[in-house]
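Working through the structure, step by step
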Amino acid sequence: MAVAASANHHLLLLRLHPRRVTSPRTPLVRRNLISALSTASRRDLAPGIRSSFAAADEASPNSPPLVEQPGGKMVVELVGAFNELTGRMGGALSTTSSSRLLFKTLKLSIPLLQALPLAPDGRPPLSRALSIACLLADLQMDAEVISAGMLREALEAGAITFHEVKSEISISTAHLLHESMRIMHVPSKVEILDDESASALRRYCLTYYDIRALSLELAVKLDMMRHLDYLPRYRQQIKSLEVLKIYAPLAHAVGTGSLSLELEDLSFQYLFPYSYLYVDTWLRSYETEIRPLLEVYKEQLLQVLKADSELEMMVDSILICGRFKSRFSTMKKLLRDGRKPEEVNDLLGLRVILNPRPGVDMPERGERACYRTHEIIQTLWKEVPSRTKDYIARPKKNGYRSLHVAVNVSEEGRVRPLMEIQIRTKEMDTLASGGAASHSLYKGGLTDPSEAKRLKAIMMAAAELAALRLRDLPSANHRGGLDIDHRNRIFRLLDKNGDGRISIEELTEVMEELGAGSKDAQELMQILDSNCDGSLSSEEFDLFQRQVQFMRNMEETDDHCRTMLGEKLQMSDSTGLIQVYRKELGDKLAVS
């Protein structure tokens, strides 16, 4: 049983994160699992899991292995999921009660999720739920948030209710689910998602909602963006625009920097595929060239730091890694900031992560180690003082702490871009890569001493959002008949019998006149007929027209950006690497 569970567990890890290398589970994780198992009697287990224990008791030598039975497979999933999540949580799993809460949630959710049909993107619901839970665990969120992430899929499918979550898991988990479901509908609060309305929506979310619920919704959005290919092109673009304007900035605001970067890049890829292709191709070619150079600098710096006796007294270990370069941020620097390619200075980047020796003064020792590392770097390369940023002494508003140093690595006769080195402790790195949200004062709100001030902020944010919505409504003396007639002109031309609806027969007639057949008309009707009554109302057709215009605007912007990037990066569609990398984007470059 243990061997089979272990094998299946590793298969689960490969399925969820094929590139992730996991370390052996710590004794703490094993103790948490044993504790959780010991507190859960067989009668507490879900029916399928409980029956598997009975089957194990009564199994004969000729019985098939336990993991071949449905209940046995659920036990394997339960153990594998618990180990995976607790292994990722690390310090967030600080109490036995957290372990019990997570274990109880997995017992409840796994049978429910396994009984559901495949999700629209083709994945099993359990796989989707575990992907979201793993994202939250990586952000060092607590057991309540991760539990809400596991139950979100079952709740949306109607397999469980808020009341059941409240009674069987916890009131707080039910609250987080309720909040996240409300946040999910935030984009529908405005008619037009322009910069002004998106900014108002972000302020509204940050003011009104629990930051843990925001983090849950951000994880759901990232999981969605990673599996968006199954949707029609215009749906991909609409969802990507919402993510780029609302959720990616929210992720940055609440301190989940790693989510923000990936949300931006995925949105960029779907909204402007050709522009993304140009930037991605340029960065890949550049990274191929500088990767060996970066390895040399990395090893050189590591050896010098390890040889320093003063630093050795402060830290247990030193890790140096290369930095991920965001495609979206590179595009902004090239186009919005007007930089030349050679002026994008942070293409060469290293990150030094220091693990200070334990003790009562561990935080202070970590800071001293960062500054000592800075001094050592100054002996290796020439620093550019104007580019140095000390976020340790002066942290960002979201709690980000790190020391940024830019150095000149050019040699005689060979000019190279500046190299940026980020210096931080292990704790600072955890916060910077997504853990800031888990350390925020999310349990404040209307019960803390600043209740009056917060209430006022909520009222102002709600009023601002209401004003935006009311602005879209016509006033009492509005004379917009001509505008409405103009907008509905095409609808009236298609509605040949004048009954106020476009029937399948009328749509088929137009499609045939355009050279298409009845099958195309039926397919189009299925896409546009949102209430499934077999015909199109003026509202449904108006929505279709706006989607068409939206896609045209995106394509025009993408074409314009592609032209500008081609000039800056000296590329064209016929460039060899463009031809190679465009195959990887596939359908995103095929306008459907």
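Residues numbered from 1 in each chain as written. Predicted model: local features only at pLDDT ≥ 70, side-chain atom pairs only at ≥ 80, totals over all residues. Heavy atoms only, no water.

1. What about the overall build of the protein?
Filter applied, for reference: Secondary structure elements follow DSSP: runs of H or I of four or more residues count as helices, runs of E of two or more count as strands, with numbering from the N terminus. Relative accessible area decides the class of each residue, using a 1.4 Å probe on protein chains only: under 20% of the type maximum gives buried, over 50% gives exposed, and in between gives partly exposed. Contacts: residue pairs with any heavy atoms within 4.5 Å of one another. Residue-level accessible areas treat just the shown protein chains as cover; the underlying method is Shrake-Rupley with a 1.4 Å probe.
Helix and strand counts for the protein stand at 25 helices and 8 strands. Burial analysis of the protein (592 residues in total) assigns 48% to the buried set. At a minimum sequence separation of 6, the contacts of the protein that also span at least 24 residues come to 70%. Surface exposure of the protein reaches about 30,400 Å², of which carbon and sulfur atoms provide 54%.

2. Structural notes on the pairing of strand S6 (residues 419-425)
Successive side chains on a regular strand alternate, one facing one side of the sheet and the next facing the other. To keep it simple, the criterion reads: Whether two strands pair comes down to DSSP finding at least two bridges between them.
Taken across its 7 residues, S6 has 7 buried, putting it largely inside the fold. Covered by surrounding structure in S6 are Met419, Ile421, Ile423 and Thr425 together with Glu420, Gln422 and Arg424, the residues of both alternating faces. Two strands pair when backbone bridges link them, and strand S2 (residues 348-356) and S6 are joined in this way by 7 bridges, in the parallel orientation. Note on S6: the bridge partner recorded for leucine 350 is isoleucine 421.

3. Focus on the pattern of salt bridges
Note on pairing: side chains with opposite charge can pair once their charged atoms come close. The criterion, for reference: A pairing counts as a salt bridge when a side-chain nitrogen of Lys or Arg comes within 4 Å of a carboxyl oxygen of Asp or Glu.
What the rule picks out here adds up to 24 salt bridges. A salt bridge links aspartate 121 to arginine 123, with the shortest nitrogen-to-oxygen separation between them at 3.0 Å. Here glutamate 310 and arginine 372 are joined by a salt bridge, their closest N and O atoms 3.6 Å apart. Placement of glutamate 310 in helix H15 (residues 309-312) and of arginine 372 in helix H17 (residues 362-380) is noted, with a sequence separation of 62 residues between them. Under the relative-accessibility criterion, glutamate 310 is labelled partly exposed at 42%. Look at arginine 372 and you get buried, because its relative accessible area is 18%.

4. Things to note about the packing of aromatic side chains
How we decide: Side-chain rings of Phe, Tyr and Trp, where Trp is taken by its six-membered ring, are said to pair if the distance between their centres is within 6.5 Å; with planes under 30 degrees apart they count as stacked, over 60 as edge-to-face, and otherwise as tilted. A positively charged side chain is recorded as over a ring if its NZ (Lys) or CZ (Arg) lies within 6 Å of the ring centre. The angle to the ring normal must also be within 35 degrees.
Per the counting criterion, the structure on display carries 5 aromatic pairs. With 5.5 Å between their ring centres and 70° between their planes, phenylalanine 268 and tyrosine 276 make a pair best called edge-to-face. Comparing phenylalanine 268 with tyrosine 276, the two get one shared label, buried. One aromatic cluster is present, built from ring pairs that chain together Phe268, Tyr276 and Phe328. Positioned above the aromatic ring of tyrosine 247 is the side chain of lysine 221, whose terminal nitrogen or guanidinium carbon lies 4.7 Å from the ring centre.

5. Some thoughts on helix H13 (residues 257-271)
Condition: A helix's residues, less one, multiplied by 1.5 Å, set its expected span.
Counted at 1.5 Å a residue, the expected span for H13 with its 15 residues is 21 Å, and the 21 Å between its end C-alpha atoms agrees. Most of H13 sits out of view: 11 of its 15 residues are buried. Taken together, the buried positions of H13 are Leu259, Ser260, Leu263, Glu264, Asp265, Leu266, Ser267, Phe268, Gln269, Tyr270 and Leu271.

6. Quick notes on the packing of helix H14 (residues 273-306) against helix H16 (residues 327-335)
The condition that has to hold: Helix axes are fitted only over the stretch in contact, all axes being lines through C-alpha atoms; the angle between N-to-C directions runs from 0 to 180 degrees. Note on terminology: angles under 35 degrees are roughly parallel, angles over 145 are roughly antiparallel, angles of 65 to 115 are roughly perpendicular, and the others are oblique. Put simply, Ala, Val, Leu, Ile, Met, Phe, Trp, Tyr, Cys and Pro go in the nonpolar bin, Asp, Glu, Lys and Arg in the charged bin, and everything else, Gly too, in the polar bin.
The interhelical angle for the contact between H14 and H16, taken along N-to-C directions, is 100°, at an axis separation of 10 Å. Considering the angle they form, H14 stands roughly perpendicular to H16. Within the contact between the two elements, H14 uses Tyr276, Val279, Asp280, Trp282, Leu283, Arg284 and Glu287 and H16 uses Arg327, Thr330, Met331 and Leu334. Among the residues forming the contact of H14 with H16, the class breakdown is 6 nonpolar, 1 polar and 4 charged.

7. Focus: the packing of helix H5 (residues 96-114) against helix H7 (residues 143-156)
With their axes 9 Å apart at the nearest point, H5 and H7 run at an angle of 5° to one another. Here H5 lies roughly parallel to H7, going by the angle between them. Seen from H5, the contacting residues are Ser98, Leu101, Leu102, Thr105, Leu106, Leu108, Ser109 and Leu113; seen from H7, they are Ala143, Glu144, Ile146, Ser147, Met150, Leu151, Glu153 and Ala154. Of the residues in the contact of H5 with H7, the class split is 10 nonpolar, 4 polar and 2 charged.

8. Some words on the nonpolar core
Note the threshold: Each nonpolar core is a collection of buried residues, namely Ala, Val, Leu, Ile, Met, Phe, Trp, Tyr and Cys, held together in the definition by side-chain atoms within 4.5 Å.
Counting 69 residues, the largest nonpolar core has Leu85, Leu106, Leu136, Ile146, Met150, Leu218 and Leu263 as the members making the most contacts within it. When near neighbours in sequence (up to four residues on either side) are disregarded, leucine 218 contacts Tyr247, Leu250, Ala251, Val254, Thr256, Leu259 and Leu263. One finds Leu271, Tyr276, Ile320 and Val405 within the second-largest nonpolar core, a separate group that totals 49 residues.

9. Structural notes on unusual backbone geometry
You will see that glutamine 140, though not glycine, has its phi angle at about 65°, which is positive. The topology assignment puts glutamine 140 in the loop between helix H6 (125-138) and H7. The class of glutamine 140 is buried, set by a relative accessible area of 17%.

10. As for the environment of leucine 347
By the element assignment, leucine 347 lies in the loop between H16 and S2. With relative accessibility at 10%, the residue leucine 347 sits in the buried group. In the structure, leucine 347 is positioned 73 residues away from glutamate 420 in sequence and 8.2 Å away in space, judged by C-alpha atoms. Ignoring any residue separated from it by four or fewer positions in sequence, one finds leucine 347 in contact with Trp282, Leu283, Tyr286, Ile290 and Lys325.

11. Focus on the environment of valine 409
Within the element layout of this structure, valine 409 appears in the loop between strand S5 (403-408) and S6. For the pair valine 409 and leucine 348, spaced 61 residues apart in the sequence, the C-alpha separation amounts to 9.7 Å. Contacts of valine 409, omitting those with residues within four sequence positions, involve Tyr297, Leu348, Trp381, Arg416, Pro417 and Met419.

12. Re the environment of glutamate 153
For glutamate 153, the position within the fold is in helix H7. A relative accessible area of 12% places glutamate 153 in the buried class. Distance in space between the C-alpha atoms of glutamate 153 and isoleucine 132 is 9.6 Å, their sequence separation being 21 residues.

13. Section: the confidence of the model for the protein
Definition in use: One confidence number per residue, pLDDT, is output by the predictor and ranges from 0 to 100.
Chain-level pLDDT for the protein is 74 on average; 67% of the residues reach the 70-or-more range. Predicted confidence for residues 37-61 stays below pLDDT 50, and this span has 28 contacts to residues more than four positions away or in other chains. In this model residues 63-67 is a low-confidence stretch, pLDDT under 50, and it forms 10 contacts with partners more than four residues away in sequence or in other chains.

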